[in-house]
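# Descriptive analysis of the structure
Here is what each chain is made of, one letter per residue.
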Amino acid sequence: MATMVRLSREQIDRMFVEMDEMENSLKDIHAELIELGLPSDTLGRFARMHDRYTAGVAFLKKQRELGKAGD
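I will try to describe carefully the structure that is included in this document. (Residues numbered from 1 in each chain as written. Predicted model: local features only at pLDDT ≥ 70, side-chain atom pairs only at ≥ 80, totals over all residues. Heavy atoms only, no water.)

## Re the overall build of the chain
A count of helical and extended segments in the chain gives 2 helices and 0 strands. A compact globule built from 71 residues should have a C-alpha radius of gyration of about 11 Å, whereas the chain, at 16 Å, is more than 25% larger. Overall size of the chain, expressed as C-alpha extent along the three principal axes, is 50 × 25 × 20 Å. Across the 71 residues of the chain, 13% fall into the buried class. Accessible surface computed for the chain: about 5,900 Å², of which carbon and sulfur atoms make up 58%. (Helix = DSSP H or I, 4+ residues; strand = E, 2+ residues; numbered from the N terminus. Rg over C-alpha atoms; globule rule 2.2 N^0.38 Å. Buried < 20%, exposed > 50% of the residue type's maximum accessible area, 1.4 Å probe, protein only. Areas by Shrake-Rupley, 256 points an atom, 1.4 Å probe, with all protein chains shown as cover.)

## Observations concerning the packing of helix H1 (residues 9–35) against helix H2 (residues 40–69)
The geometry of H1 relative to H2 is characterised by a closest axis approach of 11 Å and an angle of 160 degrees between their N-to-C directions. Judged by the angle between their axes, H1 and H2 are roughly antiparallel. In terms of crossing hand, the pair formed by H1 and H2 is left-handed. For the contact of H1 with H2, the class distribution of residues is 15 nonpolar, 3 polar and 8 charged. (Axes fitted to C-alpha atoms, helices over the stretch in contact; angles between N-to-C directions. Parallel < 35°, antiparallel > 145°, perpendicular 65-115°, else oblique. Left-handed = near helix turned anticlockwise from the far one by under 90°. Nonpolar A, V, L, I, M, F, W, Y, C, P; charged D, E, K, R; others polar.)

## Describing H1
With 27 residues, H1 extends 40 Å between its outermost C-alpha atoms, agreeing within 8% with the 39 Å of an ideal straight helix rising 1.5 Å per residue. Of the residues making up H1, those classed as buried are Phe16, Met19, Glu23, Leu26 and Leu33. Residues of H1 that are buried sit in contact with H2. (Expected span 1.5 Å × (residues − 1). Contact = heavy atoms within 4.5 Å.)

## What about the pattern of salt bridges?
Between side chains of opposite charge, a pair can form when the charged atoms approach closely. Counted according to the given criterion, the structure contains 4 salt bridges. In this structure, the salt-bridge partner of Arg64 is Asp13, at a minimum N-O distance of 2.2 Å. Here Arg64 is found in helix H2, whereas its partner Asp13 is found in helix H1, with 51 residues between them in sequence. Assessed through its relative accessible area of 31%, Asp13 is described here as partly exposed. With a closest N to O distance of 2.7 Å, Lys61 and Asp20 form a salt bridge. (Salt bridge = Lys/Arg side-chain N within 4 Å of Asp/Glu carboxyl O.)

Next up, the structure:
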């Protein structure tokens, strides 16, 4: 079931800025983990989690684009 959340344009814009900041932080952490020489299984789990986050953000951005096209 879908849930409607009413956010202002400014709140939505800020949310996307924060998601981009989080994406950059995840990239930085991944690089640090590699430098620390963590086991490949641990790096793989982190990479999968990062990929899931990235896919979720990409989906939301696509939905946003489609919503703007309908305005």
